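Residue-level listing of the chains:
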Amino acid sequence: MSVQRPGAAEFVPAGADLTGLREAAPACRGCELWEPATQVVFSAGSPTARLALVGEQPGDQEDRRGVPFVGPAGKLLQRAVAEAGIDVATTYVTNAVKHFRFTQEAPGKRRIHASPDAGHVTACRPWLSAELAVVDPEVVVCLGATAAKALLPKDFRVTKHRGQVLRLSTTKGEKTFLGTIHPSAVLRVPEADRDAAYAGLVADLRTAAAALS
Ligand code: URA
Ligand code: SF4
């Protein structure tokens with residue numbers, strides 16, 4: 001069971017464009033994750049992107065810099081996106097949860113990534129819904145189980161359904177979605193299997209790119 005949280009809805013300005021959303025996000029108190037984090041990490045990329053990439057939450061480096069996917073997983077993702085024939089500059093990059101969740105033994109010690117739970121995903125979803133409605137991409141790629149939890153049907157499993165092109169109804173009409181592994185999962189597999197895991201991510205990104213009209 002996850003804890004009930006107030007959620008971001010009351011902090012998301014109605015009718016705001018992407019700049020308005022970005023400016024409002026630092027004031028969000030929709031869940032408790034804002035407090036130990038350095039700052040909110042909203043999104044990056046093109047406000048008119050046709051392809052959106054949705055990750056889990058900012059990591060340590062993203063939390064420090066305020067920009068998504070600038071750490072090791074982000075570097076791998078950028079390489080995979082380019083290898084899939086997608087121009088990174090034409091993508092929109094964001095996360096299901098906008099504050100870094102971590103554990104830390106003592107102040108000054110290393111901050112260890114902790115996955116957001118279902119309650120954090122639900123609390124933060126108004127931001128994700130609002131930004132996707134404004135950017136209105138044709139194709140949304142969910143990177144890993146957390147993003148899938150935020151946007152894909154409940155029975156979606158990355159292991160089973162990754163790489164499948166899904167048509168789902170949204171407030172902006174029917175859109176294409178695709179779930180795949182998270183780039184940090186590629187970094188975690190034993191070295192002997194890493195090339196294959198990476199190739200799988202690239203293949204799924206290619207499928208997403210091919211689904212663009
Ligand atoms: N992992 C994510 O899911 N998002 C980031 O921004 C960085 C790492
Ligand atoms: Fe708000 Fe999301 Fe941050 Fe929670 S994680 S405080 S809901 S922006």
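Residues numbered from 1 in each chain as written. Chains lettered and ligands numbered in written order. Predicted model: local features only at pLDDT ≥ 70, side-chain atom pairs only at ≥ 80, totals over all residues. Heavy atoms only, no water.

Draft legend 1. Molecular detail of the site of ligand 2. Neighbouring residues of ligand 2: Cys28, Gly30, Cys31, Trp34, Val97, Lys98, His99, Ala123, Cys124 and Trp127. In terms of residue class, the shell around ligand 2 is made up of 7 nonpolar, 2 polar and 1 charged. (Near = heavy atom within 4 Å. Nonpolar A, V, L, I, M, F, W, Y, C, P; charged D, E, K, R; others polar.)

Draft legend 2. The sheet that holds strand 1 (residues 43–45), seen in detail. Spatially, 6 strands are ordered 1-3-2-6-8-7 in an open sheet, and the strand pairing comes out mixed. Edge positions in the sheet fall to strand 1 and strand 7 (166–170), since each of these pairs with one other strand and no more. Across the sheet, the mean angle separating the axes of adjacent strands is 25° when strand polarity is ignored. Two strands pair when backbone bridges link them, and strand 2 (residues 51–55) and strand 3 (residues 91–95) are joined in this way by 5 bridges, in the parallel orientation. Within strand 3, the residue paired with Ala52 across the bridge is Tyr92. Running over the sheet, helix 8 (residues 191–210) touches strand 2, strand 6 (139–143) and strand 8 (173–180) and is turned about 170° from strand 8. (Pairing = 2+ DSSP bridges. Helix = DSSP H or I, 4+ residues; strand = E, 2+ residues; numbered from the N terminus. Axes fitted to C-alpha atoms, helices over the stretch in contact; angles between N-to-C directions. Contact = heavy atoms within 4.5 Å.)

Draft legend 3. Expanded view of the environment of Ala37. With respect to the helices, strands and loops of the structure, Ala37 is situated in the loop between helix 1 (18–24) and strand 1. For Ala37 and Asp117, which are 80 residues apart along the polypeptide, the C-alpha to C-alpha distance reads 16 Å. Ignoring sequence-local partners within four residues, the contact set of Ala37 consists of Asp63, His99, Phe100 and Phe102.

Draft legend 4. The arrangement of the site of ligand 1 in detail. In the region of ligand 1, the neighbouring residues are Gly55, Glu56, Gln57, Pro58, Gly59, Glu62, Pro68, Phe69, Asn95 and His182. At 2.9 Å from an oxygen atom of ligand 1 is found a main-chain nitrogen or oxygen belonging to Phe69. Taking 240 Å² as the accessible area of ligand 1 by itself, protein coverage stands at 94%. Its residues assigned to classes, the shell around ligand 1 comprises 3 nonpolar, 5 polar and 2 charged. (Polar contact = N/O pair within 3.5 Å; in protein donor to acceptor, adjacent residues only side chain to side chain. Areas by Shrake-Rupley, 256 points an atom, 1.4 Å probe, with all protein chains shown as cover.)

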